[in-house]
Amino acid sequence: MSLREDLIFLILQFLDEENLKETAHILERETGIFFDMKYFEGLALSGNWDEVERYLSGFIKVEDNNFSLKIYFEIRKQKFLEELDNRDGPKALSILVNDLKVFAPYNEDLYKEMTQLLTADDFRKHESLTTYRDTNSARIIMMNELKKIIEANPLFHGKLEFPNIRSQRLRRLVNQSLNWQHVLCSQPQQDPVIKSLFVDHVCKPQDNHSVVNNLPTSEVGSAPVPTSPSSCTSTPSIVTHSAVTAGTAGLCALQNPAETLEELQDSESLSKTGSYKTWDEVTSGTTKPGQGQSSVFQLQDDFPKVVQRILNEGSSPVSMDFHPVQSTLLIVGTNVGDIGLWEVLSGDKLLCRSFKVWDIGACSPIFKAAMVKNPSVSVKRIRWSPDGSIFGVAYSKHILQLYSYGGASDVQPKLEFDAHVGGVNDLAFCVPDEKLLVISCGDDKFVKVWDAVSGVKIFTFEGHEASVCSVLPHHKERIHFIFSTSLDGKIKAWLYDKLGARVDFEAPGRWCTTMAYSDDAKRLFSCSTSKDGESFLVEWNEAEGSLKKIYQGLRKPSIGVLQFVTANNQFLVVGDDHLIKIWDMDNHELLTTIDADGDLPASPCVCFNKEGTLLAVFSNGSGIKILGRDSCPKLQQGSEYNFLSSSGLSEILSKLSISQISSVGSTGMEDGGVPVDEGTRNLENVKPILIEEANMKISNIYYHPQFQFLSLPAKTDKVSSLIYNNAGDSLLALGSNANNVVWKWPQNDFNMSGKATTKIPPQSWKPIGRPRLIADYSTRTKPADSVACFVYSKNDSYGITTSGGKIYVFNMLTYKKMASFLPSPPVATSLALYPQNNNILAVGLDDSRIVIYNIRRDEVESKLKGHFGKITGLAFSEVLNVLVSSGADAQIVVWNSDGWERLNSRSMKIPDGGPPPSNIRIQFHQDQIQFLAVHDTCLAIYEAKKLECIGQWVTGKSSAQISHATFSSDGQLVYATFLDGTASVFNTPNFHLQCQIDFNACILDIRNEVYPVVVAAHPKNPNQFAVGLSNGGIHIFEPLESVGKWTASLPVVDLLDR
């Protein structure tokens, strides 16, 4: 299928969604790209013969073939017979002469017989027409015959099925294009106003001139670069620039994406008729006025250039990485598959692991055969995750392994992937949308993206024609993308979608390339080596999309493939010619070299710690040299220097952790990772954890000094709904009286991040001159009995709320009501926004129905029926593309969010003696595969697709009921509140009780008549949660900074003795 056909299908889908049906059918007829059989059948059964033939004429003609001849004959014969049946001789004669005569040459006898029917008293007496009963039945018989002929007609092949396209696809592409245009603005405004699609969006420039315009002309290459990952369009097309020389192949040109195709064509014609500058012709750097380049820059005194320690790994190291938090911790991979963990300050080797496949049964036959043929395996790349809680190891054969790290020598295997056929050449971690992912590339020419929590493969990027040797994830504003380079010299960039590579260029040297950004992510560099050994270290001008500098001083030819790193936003460091070579980023000339006391290999690997105070470099054999400052004393071994205590680093990791790696993963390696620290669980026979069983394991926090909390005064009556915004800097409380209160934290010297915290109080916020948010409630119910619901849009710009009456859409910046719809009755009891399109809202009603409502078009798209009580919970999964609903009937139902078909259902098991089903609420886990179900007496975690329960916890007979529960932001904890004034913190998915907070002992307004109603987890900080009370009060909780996370830190206390 061509891109033109793709576009026509998108337009057809758009016309159908906009209810422009007739226009869509005209386009179908004029393009002949899709034959709508249902529409055609409707025309035929209604007897609209003129339109039947007009629509058909866009696809076939009478004389095309025998199938087409038969189709037209059957239609015109039916017209003829109907007029005979109506006793309208003149019309029948007109049809015979004007429409049927064309068939006479093919069968004259048949035509004569039809002529004789004009004079017959009843045409049914003809032997071939005795079965003709009435018009409607005859049309149905004719249509069934036509369907068979149309399907057999080769001219209709490939035109009878509409491709499977996700809803609102064209609108989404337009929105993406507008987003790209805004990102590409030289000075993007925070709240852009886009009033037209007829011209490209450009934010009004500020008074100050752009950085690009202020650059000296000598710094910018003369040939512009056509496109970049920051300027790519949303079309899946790929334009290859094989004719563009490496000297012009910039990667991040910020330009108008609407001009991309035209400019690409211009570039290709230039490459044939014009000439580009060669590498030597591109200006290499700048000299400051009045100064020579050799005297401008000097190596700083604190640059690590003196050998302080030599580590002996035991085998030849091939990859290494410093810990991102503990700057003296170094992980090393070797050529025999070993990994070593070093505390370089003391020189202690904390860990040594040899290569081992954790689950050989889950590996592919290709890998098993390769291991039988040659069992030797080498490490290709080893890297820490951004928070240092895990590290990944890529091997020379198929395997990628992830380890969790808890401090000191606490290293545990977590996930194993049979990732690529052949070598896994590189890996990298990234965190788009606060979700930890691992990226891999390999000899099989693929780039793959995996969920580092669940092990599920999310994307496979295809398009390279040679082995992929490196990957580099990055982001601009909110746009996340991945660079990849291959051994044929190609550089590609990918977004986290399935639309293919956005750019395709040839790298300098046209062979092996690595790329890196400066620490502040503002400058892009690459180092390439050709097959002939010629190496290129360059900086790209992102604003102009051209080469900015070529650094001089590399050996020609180089010995081996060079590796480079950046340091302190100032230096480029390359291992070359048995030396460590250093450039200042602002000068193309070599600044200095370090020999590290000699004995370095030809192209040694180099690595800085995060602060830039230590530099590690490979030496010949199995050595690693650690370089420090001149003024720094030799690294000494001793407890006073060893800060890597298990508790110390665990505290750091708990504070900075993005996502603790779950032990739950896929059970096979074909589509996901394999967890190795737990045995396979029988999901059908999950044993509920009773509170009596857990009593001996509880560690309660009774008093305020043992945790941090912040109390907010009551601004409404009972808090019915409590929700953080997605940014994590404000908290919204929705009272049962329909009043909404927004608490917003300031950004100042005491709260640099501006996020919610217990350290400083927030302010009750509303726009100046605007009233508070007040929803509508039903006149048939008391405000205190209404169901209050609130959801944020993805970017927090809009809020949707109801309290038993109409549903309102508010602009959260101005509190302006944007829309209202679905007045009660029936009353809305649950809301959920469709993540792929925030214009689609799922609304659960108290009459057991679910309404799918299109806010933009102000219409109901679908009504779902499958429950027998009011809807109490709704949640979408973007990964599985499903909607999960729960109701007062204890039923949990899974719906396909493409066509809204019911896929599966199951009753939630309520403990014997428990209250009847009431409010069963649901929430998806961070992995979008599991979800939490909350009942008054039990908590359960289900796998959404099969609705298998993988963990359950129930209260005891003497225990208080659960009022609410929620996942932490990373999905590793569940916070649950109880009607007796307590909260419990559970681990997932097994519901082991971590600790308990007794509000009665530490918060004065908790009494018998006041109890926690709802709990909300902070979207960024997995150890912060907020509790809304029945009297309108709100309390926010965090563990002590010295602890960093919720742990069982007190002596074990039996709740029954309390």
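Anything mentioned here points back to the structure above.
A few points on the structure. Predicted, not measured: the structure shown is a model, and the values here were computed from it.

### Re the sheet that holds strand 24 (residues 579–584)
Then step 1. Pairing is antiparallel across the open sheet formed by 4 strands, whose spatial order is 22-23-24-25. With one partner strand each, in any of the chains shown, strand 22 (564–567) and strand 25 (592–594) form the two edges of the open sheet. Mean inter-strand twist for the sheet, computed between neighbouring axes without regard to direction, equals 25 degrees.

### Let's talk about a negative patch on the surface
Then step 1. Together, Glu108, Asp109, Glu113 and Glu127 make up a region of like negative charge exposed at the surface.
Then step 2. By secondary structure assignment, the location of Glu127 is in the loop between helix 7 (108–116) and helix 8 (135–152).
Then step 3. Owing to a relative accessible area of 71%, Glu127 belongs among the exposed residues under this scheme.

### Quick notes on unusual backbone geometry
Then step 1. Backbone torsion omega between Thr988 and Pro989 reads 0 degrees, so that peptide bond is classified as cis.
Then step 2. Following the sequence through the fold, Pro989 ends up in the loop between strand 55 (982–987) and strand 56 (993–998).
Then step 3. Even without glycine at this site, Leu947 takes up a positive phi of about 55 degrees.
Then step 4. Tracing the chain through its elements places Leu947 in the loop between strand 51 (938–943) and strand 52 (948–954).

### Concerning helix 3 (residues 37–46)
Then step 1. For helix 3, the complete set of buried residues consists of Met37, Tyr39, Phe40, Leu43 and Ala44. Buried positions in helix 3, seen along its axis, are confined to an arc of 165 degrees and lie on one side of it.
Then step 2. Looking at the packing, one finds that the buried side of helix 3 touches helix 2 (21–31), helix 4 (49–56), helix 5 (66–85) and helix 8.
Then step 3. Just downstream of helix 3, Gly47 is the residue with a positive phi angle, here 75 degrees.

### Looking at the environment of Ile439
Then step 1. With respect to the helices and strands, the residue Ile439 is situated in strand 11 (residues 437–442).
Then step 2. The spacing of Ile439 and Leu472 is 33 residues in sequence and 8.8 Å in space, taken between C-alpha atoms.

### Points about the pairing of strand 49 (residues 921–924)
Then step 1. Pairing of strand 49 with strand 50 (residues 930–934) involves 4 bridges; the strand directions are antiparallel. Looking at the pairing, Phe924 lines up with Phe931 of strand 50.
Then step 2. The turn linking strand 49 back onto strand 50 is made up of 5 residues, and Gln928 within it adopts a positive phi angle of 65 degrees.

### Focus: the packing of helix 3 against helix 8
Then step 1. Look at helix 3 against helix 8: their axes get within 10 Å of each other, and the N-to-C directions meet at 150 degrees. Here helix 8 runs roughly antiparallel to helix 3, going by the angle between their axes. The two elements helix 3 and helix 8 meet at a crossing, and its hand is right-handed. Where helix 3 approaches helix 8, its residues Met37, Phe40, Glu41, Ala44, Leu45 and Ser46 are matched on the opposing element by Arg139, Ile140, Met142, Met143, Leu146, Lys147 and Ile150.

### Here we look at a nonpolar patch on the surface
Then step 1. A cluster of nonpolar residues, Leu197, Phe198 and Val199, forms a patch on the protein surface that exposes about 420 Å² of accessible area.
Then step 2. Take Phe198: its relative accessible area is 81%, and that puts it in the exposed class.

### Description of helix 2
Then step 1. Along helix 2, the positions that sit buried rather than exposed are Ala24, His25, Leu27 and Glu28. Buried residues along helix 2 cover an arc of 155 degrees about the axis, so they all sit on one side. Projecting away from the buried face of helix 2 at angles above 90 degrees are the exposed residues Glu22 and Glu30.
Then step 2. Contacts made by the buried residues of helix 2 are with helix 1 (3–17), helix 3 and helix 4.
Then step 3. Looking at the residues trailing helix 2, positive phi occurs at Gly32, about 65 degrees.

### Things to note about the side chain of His464
Then step 1. By secondary structure assignment, the location of His464 is in the loop between strand 13 (457–461) and strand 14 (468–476).
Then step 2. Take His464: its relative accessible area is 7%, and that puts it in the buried class.
Then step 3. A polar contact of 2.7 Å, which involves the side chain of His464, links it to the side chain of Ser484.
Then step 4. There is a polar contact of 3.0 Å between the side chain of His464 and the side chain of Ser486.
Then step 5. When near neighbours in sequence (up to four residues on either side) are disregarded, His464 contacts Lys445, Val447, Ser484, Thr485, Ser486, Lys490, Lys492 and Trp494.

Conventions and cut-offs
- Every chain's residues receive numbers from 1 upward, in the order its sequence appears when written.
- Whole-chain, interface and lining totals are the exception, using all residues; otherwise, since this is a predicted model, local features are given only for residues with pLDDT of at least 70 and side-chain atom pairs are given and counted only at 80 or more.
- No hydrogens and no water enter the side-chain calculation; it runs on all heavy atoms of the structure.
- The criterion for strand pairing is that DSSP finds at least two bridges linking the strands in question.
- Strands are runs of DSSP state E lasting at least two residues, helices are runs of H or I lasting at least four, and both sets are numbered from the N terminus onward.
- Axis definition: a line fit to C-alpha positions, over the contact stretch in the case of helices; interaxial angles, taken between N-to-C directions, run 0 to 180 degrees.
- A patch consists of residues exposed above 30% relative accessible area that lack any salt bridge, with like charges linked at up to 9 Å and nonpolar side chains (Val, Leu, Ile, Met, Phe, Trp, Tyr) linked at up to 5 Å.
- In these tables, accessible area is a Shrake-Rupley quantity obtained with a 1.4 Å probe, and a residue counts as shielded only by the protein chains included in the view.
- In what follows, salt bridge is the name for a side-chain nitrogen of Lys or Arg lying within 4 Å of a carboxyl oxygen of Asp or Glu.
- Under this rule, positive means Lys or Arg and negative means Asp or Glu; His and the chain ends count for nothing.
- Charge positions are represented by NZ for Lys, CZ for Arg, CG for Asp and CD for Glu.
- Each residue is assigned to one of three classes by its accessible area relative to the maximum for its type, calculated with a 1.4 Å probe on protein chains only: buried under 20%, partly exposed between the two thresholds, exposed over 50%.
- Arc, as used here, means the arc of the directions from the helix axis to the C-beta atoms.
- Contact criterion: two residues are considered in contact whenever any of their non-hydrogen atoms come within 4.5 Å of each other.
- When an angle is under 35 degrees it counts as roughly parallel; over 145 it counts as roughly antiparallel; between 65 and 115 it counts as roughly perpendicular; any other value is oblique.
- The crossing is said to be left-handed when, going from far helix to near helix, the turn is anticlockwise and less than a right angle, and right-handed when the turn is clockwise.
- Distance and chemistry together define a polar contact, namely a pair of N or O atoms within 3.5 Å, with one atom able to donate a hydrogen and the other to accept it when in protein, and with adjacent residues in sequence counting only for side-chain atoms on both sides.

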